[in-house]
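# Observations on the model geometry
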Amino acid sequence: MEIALSGLPGIQRVQSTSIQGLSVVNVLFATSTDIYRARQLVGEQMNVVAQQLPAGVHAPTMTPLTSSAGLVLVIGLTSEQQSLMQLRTLADWSLRPRLLALPGVAGVSVFGGERRSLQIQVHPDQLILHHIGLDDVLAAAQEATGIQGAGFIDTPNQRVVLQSDGQALTPESLARTVIVRSDNGAVTLGSIATVTEAPIPAFGAASIEGKTGIVVNIWEQYGANTMAVTREIEAALTDFRPQLQGQGITLHADLFRPANFITTALGNATQALLLGGFLVVVVIFLFLFDLRTAAICCATIPLAILIALSLLETLGVTLNAMTLGGLAIAIGEVVDDAVIGVENVTRRLRENRLLVQPASTARVVLDACVEVRSAVVYATFAVIIVFLPVIALPGLSGRLFAPLATAYVLAVMASLAAAVTVVPALCAWLLATPGETRREPPLAGWTARAYERLLARLMRHPRFVIGGMILTTLIGFAALPFLESDFIPDFKEGHLIIHMTAAPGTSLEQSLKLGRQVTEKLRQLPEIRSVAQRVGRASLDEDTYGPHTSEFEVDLNQVDGKASRQIDARVRKALDGFVGASFSVSSFLTMRVNETLSGSSSAVAINIIGDDLDVLDIQANNIVRMLHQIHGATDVRIEAPPGVPELAIRLRPADLERWGLRSADVLRSIHTAWQGETVGQIYERSAAFNVMVRLDDASRNDVASVGFLPLHTVHGNYVPLRAVADIYETNGRYQVSHLGAQRTQTVTANVTGRSAQSFVQDARTAIAKNIKLPLGTYVQFTSAAEAESQSRKELFINSGLAAIAVMILLSIITQGWRNLALILVNLPFAFVGGILAIIVSGTTLTLGATVGFVTLFGITLRNSVMMISHFETLVEREHLTWGVTTALRGARDRVVPVLMTSLVTALGLAPLAVDMNAPGREIEGPMAAVILGGLMTSMILNLFVLPILAVKFGSFSENETGVPETLFK
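Anyway, here's the lowdown on the structure attached to this text. (Residues numbered from 1 in each chain as written. Predicted model: local features only at pLDDT ≥ 70, side-chain atom pairs only at ≥ 80, totals over all residues. Heavy atoms only, no water.)

### Quick word on the overall build of the chain
Definition in use: The helix and strand labels rest on DSSP assignments: H or I over at least four residues marks a helix, E over at least two residues marks a strand, and numbering proceeds from the N terminus. Exposed residues in this analysis have more than 50% of their type's maximum accessible area, buried residues have under 20%, and partly exposed residues fall in between, with area computed by a 1.4 Å probe over protein chains only. When charges are counted, neither His nor the chain ends are considered; positive counts come from Lys and Arg and negative counts from Asp and Glu. A single reference atom marks each charge: NZ on Lys, CZ on Arg, CG on Asp, CD on Glu.
Looking only at helices and strands, the chain has 30 helices and 29 strands in total. Dimensions along the principal axes, computed over C-alpha positions, put the chain at roughly 135 × 80 × 55 Å. Burial statistics for the chain: of 969 residues in total, 54% are counted as buried. Across the chain, the centroid of the 72 positively charged side chains sits 8 Å from that of the 81 negatively charged ones.

### Examining empty space enclosed by the protein
To keep it simple, the criterion reads: In this analysis the probe radius is 1.4 Å and the grid spacing 1 Å, with only protein atoms considered; a cavity is a set of points the probe fits into but cannot get out of, a pocket is an open set with protein on both sides within 12 Å along at least five of seven lines, and lining residues have an atom within 4 Å of a point. Grid points are joined across faces, edges and corners, and a volume is the space filled by probe spheres set on the points.
By the definition in use, this model includes 5 cavities of 30 Å³ or more. If you add up the space inside the largest cavity, you get close to 100 Å³. If you go around the largest cavity, you meet 15 residues; those closest to its centre are Arg-88, Arg-115, Ala-202, Phe-203 and Gly-204.

### Details of the pattern of salt bridges
For clarity, the cut-off: Definition used for salt bridges: Asp or Glu carboxyl oxygen within 4 Å of a side-chain nitrogen of Lys or Arg.
Taken as a whole, this structure holds 24 salt bridges when the rule is applied. A salt bridge links Arg-892 to Glu-452; the nearest nitrogen and oxygen atoms lie 3.1 Å apart. Of this pair, Arg-892 sits in helix α29 (residues 884-914) while Glu-452 sits in helix α15 (residues 442-459); the two residues are 440 residues apart in sequence, bridging distant segments of the chain. On the basis of relative accessible area, Arg-892 is assigned to the partly exposed category, the value being 23%. Connected through salt bridges with shared partners, the residues Arg-652, Asp-655, Arg-658 and Asp-726 form a single ionic network.

### Let's talk about the pairing of strand β27 (residues 736-739)
Heads up, the rule is: A pair of strands is treated as paired once DSSP finds two or more bridges between them.
Residues of β27 alternate between two faces, with Ser-737 and Leu-739 buried on one and Val-736 and His-738 left unburied on the opposite face. Alignment of β27 against strand β28 (residues 742-751), held across 3 bridges, turns out to be antiparallel. Across the sheet, residue His-738 finds its bridge partner in β28, namely Arg-743. Hairpin remark: β27 followed by β28, antiparallel, with 2 residues in the connecting loop; positive phi at Gly-740, about 60°.

### Comments concerning the packing of aromatic side chains
This is how the line gets drawn: Paired rings are identified among Phe, Tyr and Trp, the last through its six-membered ring, by centres lying within 6.5 Å, and are further divided according to the angle between planes into stacked (under 30 degrees), edge-to-face (over 60) and tilted (the rest). The rule is short: NZ of Lys or CZ of Arg within 6 Å of the ring centre and within 35 degrees of the ring normal puts a charge over the ring.
Going through the model one piece at a time under the given rule, you end up with 8 aromatic pairs. Measuring from centroid to centroid gives 4.0 Å for Phe-387 and Tyr-408, while their planes differ by 20°, and the two rings are stacked. Within this pair, whereas Phe-387 is found in helix α13 (residues 361-391), its partner Tyr-408 is found in helix α14 (residues 395-430), the two being separated by 21 residues in sequence. The exposure class assigned to Phe-387 is buried, which follows from its relative accessible area of 0%. We classify Tyr-408 as buried; its relative accessible area is 1%. Cluster of aromatic residues (ring-pair linked, three or more members): Phe-477, Phe-831 and Phe-853. In this structure, Arg-159 packs its charged tip against the face of Phe-152, placed 3.9 Å from the ring centre. A cation over a ring is seen here: Arg-534 above Phe-111, with NZ or CZ 5.0 Å from the ring centre.

### What to know about a nonpolar patch on the surface
How we decide: What goes into a patch is any residue over 30% in relative accessible area without a salt bridge, connected to like charges within 9 Å or, for nonpolar side chains (Val, Leu, Ile, Met, Phe, Trp, Tyr), within 5 Å. Only the protein chains shown count as covering a residue, and every accessible area follows the Shrake-Rupley method with a 1.4 Å probe.
A cluster of nonpolar side chains, Leu-275, Phe-278, Val-282, Phe-285, Leu-286, Phe-289, Leu-291, Leu-443 and Trp-446, forms an exposed patch at the surface whose accessible area comes to about 890 Å². At the level of secondary structure, the elements contributing two or more residues to the nonpolar patch comprise α9 (258-288) and α15. Ranked by the residues each element gives to the nonpolar patch, the list is headed by α9, at 5 residues. Within the secondary structure, Trp-446 is located in helix α15. Overall, the relative accessible area of 54% leaves Trp-446 in the exposed class.

### Considering the sheet that holds strand β15 (residues 495-501)
A sheet is described by the order of its strands in space; here 6 strands give the open sequence β12-β11-β16-β17-β15-β18, paired in antiparallel fashion. Every other strand in the sheet has two partners, leaving β12 (211-212) and β18 (582-586) as the edge strands with one partner each. Where strand β11 (residues 204-208) lies against strand β16 (residues 528-536), 5 bridges are found, and the strand directions are antiparallel. Each bridged residue has a counterpart across the sheet, and for Ala-206 the counterpart in β16 is Arg-534.

See below:
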């Protein structure tokens, strides 16, 4: 199957895990692949391979179409009155069909309980006594439980259908089934076996709050709305609850409810959006100090947001935490264009009314809007171009950030459209009051005067100012290598997933017992609301966990971001006291991201690939010992450790020939005795239950009795199994893993106290130095750190192309390379502010923070463009001579719009950055912090350093480059 699938187009990874009786093959395609086409291609290959599989192997099936994070709800059932078999029957034949019928539900996995079956538990001594073989029992049971049509009778007037009823449906009727008849009477199934209702041998178990029960995982369809599907499921459970209560069954309806995180995340994003908008309005009013001018600026906020939401809906982008985060980041930007235009209009109106022959208000408004139009348009397009690399990010990072960047770009484009159309019209309408004398706003006037005095003093010491700028920049860049980096932060979902792995071969009962102790320990923590345990796997589920493996759903009470970080450490400390078991703790989304990136639920996965499994085990243990010595390593474990106790049964061909036995018959007898052979089904209404033949419990669960299994020869004699086979105890392995059709052993680890990227670098160095791998064996790292490195590489390449486009765009509105260089000087200073923000906030350099730097460069260019453009306007249109005086006047004219645009953008981001650990802000929070820090330092540069640099290095003269003056209007 792996070889057949590896040749499909667009495949990135083929990974498989095989255990006794089950193999699961995972095929990872490129993110851009059409999922429906990929499933069609896989289905075609499956049909081809199905014809080549050995006899007795079922045709492969494809899992339901859902996403890796498509788990929409986890519920549980417990009861003091109903047995585990009754609970499982209700879950399988009443609850599960009801849930699968709901719109948006793709799959339902049931863990735990006892699956009901009708079993013929054969007594070996009775087989010998009655001279009957297992084949005779199987044949009799199949005939007794078989279903056959009876046909019909045609009369002259009608057709009468014959309905025969003779199938054995109860233990009593099946026990009376005759196997053979002899002179001594009939031998029935009840004579040689116990016929009873009993559970099918279980692959897994479950408990809720330490009480054994049923756990049900419900998965949503690919592309479904999680909130809508959750509401549908909960409505169905509400209708189902009275039936459960009437039978004494307790429904635990929210062991894990991802919708809680979504609701909290959307609430936090919406709160940040509204609070940011409120702070923006306050700043605008304080600086403009006029209801009409403030209203003109603020009108662009709802207008731009509504247009962006409409365009998002048209593009099929849902309103989620990422799109809301994009709008929250843009909330300060959408008003910038309007602020620049309105501020220039009001300033020009004041100057016009002081003239001896003032121009008409409409003329002044038009000229003032045209004056800043080109700079506003070009600066906004520069911001949009800078965001294009974020939209073009590949893989998982693209899925995370593309909606945010799309929402931001659409909002900024809408604000630009409003600034060049709606704002001039509103200014002409609301500000054109004849004879009105507009005073300079108090705060704006005081700020401009104080700024002019301070800038004049600084201009007397240009070397000191420029030297300070260079020193600050160098210090900021020097701190960069010391920053820890991560792909994504841990999500604060209010829920934890704990993986527990005991020694291979641990039974379900022992895992449940250990799980009850773990649950009791965890429940002592006040932050924990509920604990549910799943042991092993569900039947025919895509997981290959054994009875030694457990997964705990730990749901937390509502906690803030800071407390959420602390609970992880407290949970790990609570688990330290359990000897003989290893644990791994992560949030659900973090686990799913890791599984998507590396195929493992841990942050770091080290694959040792080769041909000899024993060699792979030795090298895996060496790597485990080495990882324990590296700082930050936690939850280090081997995914498929050997050591499962096995009882080997090796047939001896010579003895088989002597007794006239065929190996296939002996192997089938062994399979029937201990695995159980399904011979038919019985039906109760819509429910179907298997009929099985196997040994009785006393013989089946006794290791010493294996050799005494009676084998019926063709001559009617009985031979014990040990007479034709060597039976001995040995060690084996629970599972075998492949990666790219090659044998693989995997070592996994989580990282705490440092970045995964630096940990991987140290691990690579240590392995290369200390681990000597045999020929044909090699190590491969697959982790979030690898994805982070690839995403950053793609982002930097695309950003480089965007930077070239921005420079070409900016060169159009500047007079020569000197002024272009003055604008670009802003970038390293903004970069320093972003680095300082990361250091002060104590966060790591996540991919979100990296995207924040790219975003920052586009945002901070605006004020530099506006400052340099205004200098050019003073020289070209007002014919002033370039020098310190002109620079002071131009800077004074621009100080209010620079302050306003910087502050409104910063305050719009502040709610996201202040509590970046709140649920739903894990990605946007560091991004907002970087932008906020960069805005502050770039504002300082624009106001105090850029005018000095412009005086010393700028080139401003009337139409110096020969470009027509109309280009700058």
